[in-house]
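Observations on chain architecture
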Amino acid sequence: MLETQAKYNIGQVVRHRKHPFRGVVFDIDAEFSNSEEWYEAIPEEARPLKDQPFYHLLAENDQTYYVAYVSEQNLVPDDTGEPVTHPDLPELFGEFDNGHYPLEYQLN
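Here goes a summary of the coordinates provided. (Residues numbered from 1 in each chain as written. Predicted model: local features only at pLDDT ≥ 70, side-chain atom pairs only at ≥ 80, totals over all residues. Heavy atoms only, no water.)

Within the protein, the secondary structure is distributed over two helices and five strands. Ordering the α and β elements of the protein from the N terminus gives β-β-α-β-β-β-α. Here the protein has a C-alpha radius of gyration of 14 Å; the compact-globule value for 108 residues is 13 Å, and the two agree. Each principal axis of the C-alpha distribution contributes one length, and for the protein these read about 35 × 35 × 20 Å. (Helix = DSSP H or I, 4+ residues; strand = E, 2+ residues; numbered from the N terminus. Rg over C-alpha atoms; globule rule 2.2 N^0.38 Å.)

Structure below.
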C-alpha cells in the first residue's frame, strides 16, 4: 500500500520554485497520475521523480490564468499574504483568509 504525506494542503497558496507563477492547491495525487506524453514533454534534465505528491493548482502569472500540475519538489509556500485572482476560485473556495482558501465544494 502506498503511503505518502503531502507537504501542502488543499486551499493553500504556493508558488513554483523555478517558474514565475503561483496558485491555489485544489487537488493532490499521491504520486504522478498524468499522461506519459505530458511527462515525456518535460526536458529530461528537469523531469521530476514520479513517486512524490503532485498538485493540481488554479495558477496565475503576469499574463494569464490556467490549471497547473506540479510535483512537490517544484513548489514552495507563497509567503506574500496576497490572494490569488484566478477566476475559477469562487467555484471551489470561500474567501481568502490568512494565506489559505477554505474549500466550499466537495471534490470526489
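Here we come to the nonpolar core. Of all hydrophobic cores here, the largest spans ten residues; its members are Tyr 8, Val 14, Phe 21, Val 25, Tyr 55, Leu 57, Ala 59, Ala 68, Val 70 and Leu 75. Contributions of two or more residues to this core are made by β3 (54–60) and β4 (65–71). Top contributing element to this core by residue count: β3, with three residues. If we skip the residues at most four places from it in the chain, Val 25 touches Tyr 8, Asn 9, Ile 10, Gly 11, Gln 12, Val 14, Tyr 55, His 56, Leu 57 and Phe 93. Residues Val 13, Phe 26, Leu 58 and Phe 93 belong to the second largest nonpolar core, which totals nine residues. (Core = buried A, V, L, I, M, F, W, Y, C linked by side-chain atoms within 4.5 Å. Buried < 20%, exposed > 50% of the residue type's maximum accessible area, 1.4 Å probe, protein only. Contact = heavy atoms within 4.5 Å.)

Within the structure shown, the criterion is met by ten aromatic pairs. Taken together, a centroid distance of 5.4 Å and an interplanar angle of 75° make the contact between Trp 38 and Tyr 69 edge-to-face. With Trp 38 in helix α1 (residues 36–40) and Tyr 69 in strand β4, this residue pair connects regions lying 31 residues apart in the sequence. Assessed through its relative accessible area of 30%, Trp 38 is described here as partly exposed. (Phe/Tyr/Trp six-rings, centres within 6.5 Å; stacked < 30°, edge-to-face > 60°.)

Moving on: the side chain of Asp 78. Tracing the backbone through its elements, the reader meets Asp 78 in the loop between β5 (75–77) and α2 (89–92). Classification of Asp 78 as buried rests on a relative accessible area of 12%. A polar contact of 2.5 Å, which involves the side chain of Asp 78, links it to the side chain of Arg 15. Residues within four places of Asp 78 in sequence aside, it is in contact with Val 13, Val 14, Arg 15 and Arg 22. (Polar contact = N/O pair within 3.5 Å; in protein donor to acceptor, adjacent residues only side chain to side chain.)

Let us look at the pattern of salt bridges. When the charged atoms of two side chains lie near each other, side chains of opposite charge can form a pair. Counted according to the given criterion, the structure contains five salt bridges. Among the salt bridges present, the one from Arg 15 reaches Asp 78, with a minimum N-O distance of 2.5 Å. Of this pair, Arg 15 sits in strand β1 (residues 13–16) while Asp 78 sits in the loop between β5 and α2, and the two are 63 residues apart along the sequence. Judged by relative accessible area, which is 27%, Arg 15 ranks as partly exposed. Between Glu 36 and Lys 50 there is a salt bridge whose closest N-O contact spans 2.4 Å. (Salt bridge = Lys/Arg side-chain N within 4 Å of Asp/Glu carboxyl O.)

What follows is about the pairing of strand β2 (residues 22–29). For β2, a buried count of six out of eight residues is recorded, marking the element as mostly surrounded by other parts of the structure. Connecting β1 to the next strand, β2, in antiparallel fashion are five residues. (Pairing = 2+ DSSP bridges.)

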